[in-house]
Each structure stands twice: as C-alpha cells, then as structure tokens.
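Close look at the chain arrangement
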Amino acid sequence: MEKKRLAVLVGCNYPNTPNELHGCINDVIAMRDVLVTRFGLDPSHIELLTDAHGSLIMPTGANIKRALHQMVDKAEPGDVLFFHYSGHGTRIPSLNHDHHHSGKDEAIVPCDFNLITDVDFRQLVNRIPRGAIFTIFSDSCHSGGLIDKEKEQIGPSSTTTTTTGTTTLSGKPKTIPFETILQHLAASTRIDTLDVGTHLVHSFGDNASLRFRLPLHELNLFRRLKADEGILLSGCQANETSADMDPAQGGGKAYGAFSNAVQMVLRENPSPLSNREIVLLARKFLQAHRFQQHPCLYCNDENADATFLLQPRSKS
C-alpha cells in the first residue's frame, strides 16, 4: 500500500491591522506548488489556510490545531506529514524558568491571537507513530525551539558567520511583542491581569493552548523527553526575528525571507537534499543576501541527515 503524504499550510498576513505582513500567503501558495510539482503530493492531500479576503476557513488557533490533529490522526508508519507556517511568532514567559535560559517559550500567532505554543507542537509530535515523520517548517520570529525539547542539530551553538556589507536586508520582523498580545487580549476580556493564560482561556476555553490549561506538574510529565519523529526547520533562532519583505523591498514580490531562501535552494539543487543540507544552504543564501537571521534544525540524529520530505532519489 502506498504511504500517505499529507500537508497543512498556513499563511497569516493579518490584513488591515497594525500587525499586517505581506508575504506569508505567497509563501504557502509557493510551497503548495513545490509540494505538488517536485515532491509529488496529491493536491487533495494539502490543506491551505490563509486569512486572504474571502477565505472560507480562517487560520484561527482552533482551525490550525484542528487541521494538524486531523492530519496526525491519519498517520501510520511510513507516512510523511508536513506543516508550513508563515506568520507572526512571539515569546511568552516560561512557567518553567529552567526550561530555557531566557525564561521564555516560543509560540506562533494565529489570526485570532489564540497562541499555539511549543507544548502544543510537542503533543502533536508525541502522537506520531514510529516510522512516520512530521516536519514543521516555521517561517516566523523566535521559531527556533518551537517543538518543546527537540534536539538541536543546527542552532545557536552552531558556528555562524557574521553578515558583512553596509546594507542589511531586514524587512518587517515577523514578531508581535508579548506586551502587544497582552494588551489586545485584555481589551477583549476586560480582565485586569498580566497573566496571558487567563485571558486566553477566558477567550478561547478548551481551544486555548495546553500550556495554559494544564497544571504545571502535568506539563512537566507531558514534556518528558523521548525519541520521536519530529523535525523542525525554523526561520531563525529563538532569540532572533524572521523577515517579511514587502513588494517594494522584495523586487516586486512579497515573501518571507526563510521561505524564499528554501525555494531558491530547492530550485538550484534538483537532486534530493537532506534536512541538514536544506538548513545550511538556506543559512548561506540568507547570509549572502545580508539577512540577519540564522535558520535552525531540531530533530533526532537520524532525521537530520534524512532526505527532506523523504523525496525518492531518482533512478540512474
């Protein structure tokens, strides 16, 4: 029986808001084309969620998690699952102060601000059956470490080269400060507290992140490290921002810097590439174009050198 290859692609531009981005929807539409033409995915097995005008299913926190859980529910050994997110990321105070040296955790920001955290991605990865893989490709700020406790292969401890040149292409950072998120939620709930979890649970109930609904002792059990099949390709390190280029900066095209870098790397390398090679080449591309961000790779040792999306090698 042919193994399944499934994908969920999410692009959030936050139109007509102070947080508006320009290239995120373009990023995931371009990725859909690559998945079909290069990797052979069936278009009916790709779910696309964007906040474009007229979208039937908006990329809210609940809708994104529904799509991801439905994809994981279908997973069997040998299957390939892929999630591409392009949009804002943020950092929130960590409940476990020893969890990160920074005392902060990573999260993505759906169009309704119902944060999806590293704990939620850890839960999804924990459900993947042995022999399947789940690749998360996140073109968002602070995306390094977005799968809680995933092993670093290429990250802050990797050797990096300082960007040179007088011009640095930065675009608009794909980040929303925690204080902005807190103010936005407080205006809706009218609750006088600095605890973001209180606002999120009040606003979204059971659709709020597990991080805000489970007591700390349960989260600590839940986060227990184990061998898994999760692969994270992040647009930057946890302490960095990822760039969104509007048409004026991007030569007539709006795009996310990391998504575009990977598109260029795949175009220039028709032969299969490993996850490690994809990230290293994307780092090199961004450095050459003077972007101040360093893509990262988090996964087990075996998956670091496995072919990206397990693309079959061409027969000679």
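A short tour of the structure in this document, coming up. Fair warning: this is a prediction, and the values are worked out from it, not measured in the lab. (Residues numbered from 1 in each chain as written. Predicted model: local features only at pLDDT ≥ 70, side-chain atom pairs only at ≥ 80, totals over all residues. Heavy atoms only, no water.)

**Some points on the overall build of the protein chain**
Looking only at helices and strands, one finds ten helices and 13 strands in the protein chain. Taking all contacts inside the protein chain whose residues are at least 6 apart in sequence as the whole, residues at least 24 apart take part in 75%. (Helix = DSSP H or I, 4+ residues; strand = E, 2+ residues; numbered from the N terminus. Contact = heavy atoms within 4.5 Å.)

**Some details on empty space enclosed by the protein**
Considering all chains together, one arrives at one cavity of 30 Å³ or more under this definition. For the largest cavity, the calculated volume is near 40 Å³. Taken together, Arg5, Leu6, Leu35, Leu41, Val80, Phe82 and Leu309 make up the full set of residues lining the largest cavity. Across the lining of the largest cavity, the residue classes tally to six nonpolar, no polar and one charged. (1 Å grid on protein atoms, 1.4 Å probe; cavity = no way out; pocket = protein on both sides within 12 Å on 5 of 7 lines; lining within 4 Å. Points joined across faces, edges and corners; volume = space filled by probe spheres on them. Nonpolar A, V, L, I, M, F, W, Y, C, P; charged D, E, K, R; others polar.)

**Details of the pattern of salt bridges**
Taken as a whole and judged by the stated rule, the model has 13 salt bridges. As a salt-bridge pair, Arg211 and Asp105 come within 3.3 Å of each other at their nearest N and O atoms. Highlighted residues: Arg211 in helix H6 (residues 210–213) and Asp105 in strand E5 (residues 104–108), separated in sequence by 106 residues. Of the two residues, Arg211 and Asp105, neither departs from the other in class, the shared state being buried. Asp228 is paired through a salt bridge with Arg122; the nearest N and O atoms lie 3.0 Å apart. Residue Asp228 is found in the loop between helix H7 (216–222) and strand E10 (230–234), and its partner Arg122 is found in helix H3 (residues 118–126); the two are separated by 106 residues along the sequence. (Salt bridge = Lys/Arg side-chain N within 4 Å of Asp/Glu carboxyl O. Buried < 20%, exposed > 50% of the residue type's maximum accessible area, 1.4 Å probe, protein only.)

**A look at the sheet that holds E5**
Sheet architecture is open: three strands sit in the order E4-E5-E6, paired in antiparallel fashion. A single partner strand is all that each edge strand has here, and the edge strands are strand E4 (89–93) and strand E6 (116–117). Sheet topology note: the E5/E6 ladder contains two bridges and is antiparallel. Bridged to Ala107 within E6 is Thr117. (Pairing = 2+ DSSP bridges.)

Interpretation in functional terms is not warranted from these geometric data alone.
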